[in-house]
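# Examining the three-dimensional arrangement
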Amino acid sequence: MIKRIDTFIPAGIYHDYLQGLPQATKFLGRHYSETAVFADTADRVSNTCRTDRAELVSLLLTYNRRVGCGAATEAQLQKLTDPRAVVVAGGQQAGLLTGPLYPVYKALAAVKLAAQLETALARPVVPLFWLASEDHDFAEANHCYLQNRRQQLQKLELLLTHHGEPLGRLEFTAAAKETVLRELAEILPDSEFTPELLAWLTAACRQSATPVEWCARILSKLFHESGLVLFDPLLPEARQLAAPVLVKAVELRPEIETALARREAALLEAGYQLQVQRAPDSTLLMSMDGRRTALFYRHSQYSSRDGSLTWTEAELSALAAQKPQQVSANVLLRPVVQDAIFPTVAMVLGPGETAYYAQALALYPLFGLQPPCLVPRPSLTILEPRLSRYLARYQIDETAFLADPEGQLQQVLQANSVVDVEAVFATLREGLAAAYEQAKSDLQQLNPQLGQLAEKNLQHVYQQAAYLEKKAQAEQKQQQHVTIRHLTALREALRPLDKPQERVFNLVQYLAKYGPDWWRQLQREFPLQPGHYLYQYQQ
């Protein structure tokens, strides 16, 4: 069961775009709720798509078959040969076991939106997930968090040596595979679903040359029946498709700088923060010859940050054209590469991505591209059956708990206590302060030093009262240990590390607990509209 709830969204361009406010849409394009916005966008992107569709489908079929796709994905890919076909895209860095939950939610949203638009627009619409294999942030992608058999948060980490290369080129050693599989088996619950889950995760792991490929194989398995198409931008054929954009980024460097500077100034003037802070002289290109490193334009030439790599404009342009595997787009240019390759009708985004798209969309006119419609992804909190029972038992509102779990915990404890310890000692301190104030006033008439002594004595009494209060609180907690255990379980499951659940936990723990039917139900019920939802599995 899916239930929508209200959650706090901080002020900023994401908040304003959700509301459809003109100060946000002027930077992000037409709002996804506008009449005919998807029909108009689909016509524009399909009419301006220059990619050889047969060539694109061929490389996608080869890759998706390699990572284990099903017949549903192959059927989706065949649709792309139709010149009217468009895609709904989402994407993310390839994390360990797919990383936290929210990238999976992006993929679910892309599948759902593509199906809806295909019916509404009467044209083929294909769901696509861009695996950001060029990314080199290994510290972010090398781990995930799961609840272990004692319901404690545990970090699972990939033990590989990284030298700054793109993650899609990082060798997945046999030793690292066996270590991470052994540790995963020790973490997952001893359920009826765990053996089969571990079996296919193990098979996928051992077949994978890189951690990115393991992530791709997991996603392919998860979306085997729904037809999600995966794209790896490091594929040799994909680098060739990206080459024209990379070359143009070299040739249009002055125009790009001007367009971005104007857009950033306008965003700041509108009161928005810049999601991507660009360094002086930085460009939108990165070298991928070994390490992935940012390129700068200094003294009429391109160079790495430390100056160890240099190119003239002509040399870098030729490199991008002839060896695009050695040149990469940065975070602002990546959307342009995507939408130069694919006819993207809609892009499913989170809050941070929405903010950087406000900068990136300034580049589209320079590259002759039509931007997609931006659709904020739904966010989700998984409410397991036992947690649902705790909320009902203590009459806790889900929205209030997600907003302030510690405050809700204290309220419940106070409501269930025979004595309000906090109130008792607040009254005691007030009474002591008043009594000692009167005593000080009287004693100072005898000797001023007695007033000072009374103040010191009051501080000693306060210390003794604090000691007594601590003992009373401990006794109260002892008597309420079951309640505290339940409320702590709620907090650790719904707000782990005091963050949204979807940004911490990994999907695998739920697959191990509840099995494939849980996943099928989530796919069926996953919401279309942006917002925050609670998902309760109906067994």
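Thresholds, definitions, all that
Residues numbered from 1 in each chain as written. Predicted model: local features only at pLDDT ≥ 70, side-chain atom pairs only at ≥ 80, totals over all residues. Heavy atoms only, no water. Pairing = 2+ DSSP bridges. Helix = DSSP H or I, 4+ residues; strand = E, 2+ residues; numbered from the N terminus. Axes fitted to C-alpha atoms, helices over the stretch in contact; angles between N-to-C directions. Contact = heavy atoms within 4.5 Å. Salt bridge = Lys/Arg side-chain N within 4 Å of Asp/Glu carboxyl O. Buried < 20%, exposed > 50% of the residue type's maximum accessible area, 1.4 Å probe, protein only. Expected span 1.5 Å × (residues − 1). Arc of directions from axis to C-beta. Core = buried A, V, L, I, M, F, W, Y, C linked by side-chain atoms within 4.5 Å. Disulfide = S-S within 2.5 Å. Phe/Tyr/Trp six-rings, centres within 6.5 Å; stacked < 30°, edge-to-face > 60°. Lys NZ or Arg CZ within 6 Å of the ring centre and 35° of its normal.

### Overview of the sheet that holds strand β14 (residues 379-383)
One open sheet accounts for three strands, arranged β1-β15-β14; its pairing is mixed. On the outer flanks of this sheet lie β1 (2-5) and β14, each paired with one strand and no other. Each strand of the sheet is rotated relative to its neighbour by a mean of 30°, with strand direction disregarded. Judged from the five bridges that link them, β14 and strand β15 (residues 532-536) form a sheet pairing that is parallel. Bridge pairing in β15 places Leu-380 opposite Tyr-533.

### Here's the deal with the pairing of strand β8 (residues 293-298)
Here strand β7 (residues 282-287) pairs with β8 via three bridges, running antiparallel. Residue Met-286 lies in a different strand from β8, and its bridge partner there is Ala-294. Linking β7 to β8, which pair antiparallel, is a turn of five residues; within it Gly-290 sits at a positive phi near 85°. In terms of strand pairing, β8 meets strand β9 (residues 301-304) through four bridges, oriented antiparallel. Counterpart to Leu-295 in the pairing with β9 is Ser-304.

### What about the sheet that holds β7?
With antiparallel pairing, five strands are arranged side by side in an open sheet as β10-β9-β8-β7-β11. Edge positions in the open sheet fall to β10 (310-311) and β11 (327-329), since each of these has one partner strand only. Of the strands in this sheet, β7, β9 and β11 are in contact with helix α11 (residues 236-251), which crosses β11 at around 80°.

### Considerations on the pattern of salt bridges
Counted under the stated rule, the structure contains 22 salt bridges. In this structure, Glu-225 engages Arg-520 in a salt bridge whose closest nitrogen and oxygen atoms are separated by 4.0 Å. In this pair, Glu-225 is assigned in the loop between α10 (211-222) and β6 (229-231) and Arg-520 in helix α22 (residues 508-525), connecting sequence segments 295 residues apart. A relative accessible area of 62% places Glu-225 in the exposed class.

### Examining the side chain of Lys-513
Along the chain, Lys-513 turns up in helix α22. The contact partners of Lys-513, leaving out residues within four places of it in the chain, are Gln-147, Gln-151, Pro-189, Ser-191, Phe-193 and Glu-384.

### Focus on unusual backbone geometry
Even without glycine at this site, Thr-98 takes up a positive phi of about 85°. In this structure, Thr-98 sits in the loop between β2 (86-92) and α6 (101-121). Judged by relative accessible area, which is 4%, Thr-98 ranks as buried. With a phi close to 55°, Leu-497 is a non-glycine residue in the positive phi region. Counting through the fold element by element, Leu-497 comes out in the loop between α21 (481-494) and α22.

### Here's the deal with the environment of Ala-85
With respect to the secondary-structure elements, Ala-85 resides in the loop between α5 (71-79) and β2. Exposure remark for Ala-85: the relative accessible area of 0% places this residue in the buried category. Sequence separation of Ala-85 and Val-126 is 41 residues, and the distance between their C-alpha atoms is 7.5 Å. Excluding anything up to four places from it in sequence, Ala-85 contacts Ser-46, Arg-53, Lys-79, Leu-80, Pro-124 and Pro-343.

### Quick notes on helix α12 (residues 253-269)
Between its first and last C-alpha atoms α12 spans 24 Å; for 17 residues at 1.5 Å apiece the expected length is 24 Å, and the two agree. Buried within α12 are the following residues: Ile-256, Ala-259, Leu-260, Arg-263, Glu-264 and Leu-267. Down the axis of α12, the sector holding all buried residues measures 130°, keeping them to one side. Pointing more than 90 degrees away from the buried face of α12 are the exposed residues Arg-262 and Glu-269.

### Here's the deal with the nonpolar core
Within the largest apolar cluster, 150 residues are counted, with the highest numbers of intra-cluster contacts made by Leu-333 and Trp-518. Sort the elements by how many residues they give to this core and α6 lands first, with twelve residues. Core analysis: the next-biggest nonpolar cluster, separate from the first, contains 19 residues, Leu-383, Tyr-390, Leu-391 and Leu-413 among them.

### Quick look at the state of the cysteines
Should the sulfur atoms of two cysteines be covalently bonded, the bond is a disulfide. Tallying each qualifying case throughout the model produces zero disulfides. Residue Cys-215 stays outside any disulfide, its sulfur separated by 11 Å from that of Cys-144, the closest cysteine. The thiol sulfur of Cys-373 is not disulfide-bonded, and the nearest other cysteine sulfur, from Cys-49, lies at 18 Å. Its relative accessible area of 3% is what places Cys-373 among the buried residues.

### Some points on the packing of aromatic side chains
According to the stated counting rule, one finds twelve aromatic pairs in the structure shown. Their ring planes at 35° and their centres at 5.9 Å tell us that Tyr-105 and Phe-526 sit as a pair that is tilted. With Tyr-105 in helix α6 and Phe-526 in the loop between α22 and β15, this pair connects stretches of sequence that are 421 residues apart. Judged on exposure class, the residue Tyr-105 and its partner Phe-526 are both buried. Put simply, the rings of Trp-130, Phe-231 and Phe-342 touch in pairs and so form one group of aromatic residues. It is Arg-298 that lies over the ring of Phe-296; its NZ or CZ is 4.2 Å from the centre. One cation-aromatic arrangement involves Arg-503 over Tyr-102; the distance from NZ or CZ to the ring centre is 4.5 Å.

Geometric values such as these leave the question of function open.
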